[in-house]
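# Overview (structure and organization)
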Amino acid sequence: RGRSTLSVVVRPYGEGMKLVLSQDITETERADGMRRDFVSNVSHEIRTPLTVLAGFIETMATLPLSDDERQRVMTLMRQQTDRMQTLVGDLLTLAQLEGSPRPAPDRWTALDPLLQRLEADAASLSAGRHQLHFHVEPGYEVAGNPSELASAITNLVTNAVRYTPDGGRIDVAWRVRPDHSGELEVRDTGIGIGREHIPRLTERFYRVDGSRSRDTGGTGLGLSIVKHAVQRHGGELAIESEVGKGSCFRLVLPPPRVRLVRQAAEHTPR
Ligand code: ADP
């Protein structure tokens, strides 16, 4: 990239070209800065559990522990390795999303069974702590990569569970709008998000409350995965939230990626 900007300078194109050159350098610097931030964030996220693990290993190596204490230390160590595994999993998902071609516009997946599976996953994640409701307009298929779409929805539902206190309500709805775009909405009555944070939520590692996110197993990468997956399908992610009231995340897919294959009348309502 640096070399191509140099060749622009030696050609006699005048002042206009110099402006392009300075924009180009700014863009390169911005990309370099983002890469540096990313590497330093990843290093920090990995170093923290590693330091904790090293401390526990030291404890086990030097202190005479009872069986109970040993078990407790092992459980804490497992939490740290789980945390690193989730982080590496999310990093790989992001890398795949960034490095692979856009999902095919003609690979169709039925939404009903996909959402039924996700409903079961959500129920086991919430473990009865929330009122969970799925409302699905039946009979639709969506075009794209089913595992990317499932991972986007799972991330939204996991966040709803993670940031909604026990007893709260979570509604997941799939509906088709009058313009034939499809809308998957995840609404919760959780802690909500301050207006100033909303534009930054899909940045990698951006967290409103770092310790809460980490305590509940968050990596800070979930919403950047959602945004990438949705944009690769030509869609959008919309976020509304109010502190103390709850949040609503809407994933919108454009009309060419949504089709009705069976009329609602053929289905028994769930
Ligand atoms: P994390 O793994 O930390 O949940 P995400 O990228 O999924 O990372 O979300 C970024 C941040 O946005 C979270 O750390 C949290 O502060 C906030 N957030 C996401 N979803 C919700 C929600 N449903 N309710 C309240 N805050 C949320």
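Scroll up a little and you will see the structure.
First, a word on scope: everything that follows refers to the structure included in this document. (Residues numbered from 1 in each chain as written. Predicted model: local features only at pLDDT ≥ 70, side-chain atom pairs only at ≥ 80, totals over all residues. Heavy atoms only, no water.)

### Things to note about the site of the ligand
- With respect to spatial proximity, 21 residues lie near the ligand, and among them Asn159, Tyr163, Ser213, Thr219 and Leu223 are the closest.
- Within the side chain of arginine 162, an N or O atom sits 3.2 Å from an oxygen atom of the ligand.
- A distance of 2.9 Å separates an oxygen atom of the ligand from a polar backbone atom of glycine 220.
- Considering the ligand on its own, with 530 Å² of exposed area, one finds that the protein chains cover 98% of that surface. (Near = heavy atom within 4 Å. Polar contact = N/O pair within 3.5 Å; in protein donor to acceptor, adjacent residues only side chain to side chain. Areas by Shrake-Rupley, 256 points an atom, 1.4 Å probe, with all protein chains shown as cover.)

### Overview of the sheet that holds strand S5 (residues 182–188)
- The mixed open sheet is built from five strands, whose spatial order is S2-S4-S5-S7-S6. Two strands lie at the open edges of the sheet, namely strand S2 (131–136) and strand S6 (236–242), each paired on one side alone. With strand direction ignored, the average angle separating the axes of adjacent strands in the sheet is 10°.
- Summarising the sheet, S5 and strand S7 (residues 246–253) pair through seven bridges and their orientation is antiparallel. Across the sheet, aspartate 188 pairs through a bridge with serine 247, a residue of S7.
- Sitting on the sheet, helix H4 (residues 111–126) touches S2, strand S4 (169–176) and S5, and the angle it makes with S2 is about 180°. (Pairing = 2+ DSSP bridges. Helix = DSSP H or I, 4+ residues; strand = E, 2+ residues; numbered from the N terminus. Axes fitted to C-alpha atoms, helices over the stretch in contact; angles between N-to-C directions. Contact = heavy atoms within 4.5 Å.)

All we've got here are geometric facts, nothing functional implied.
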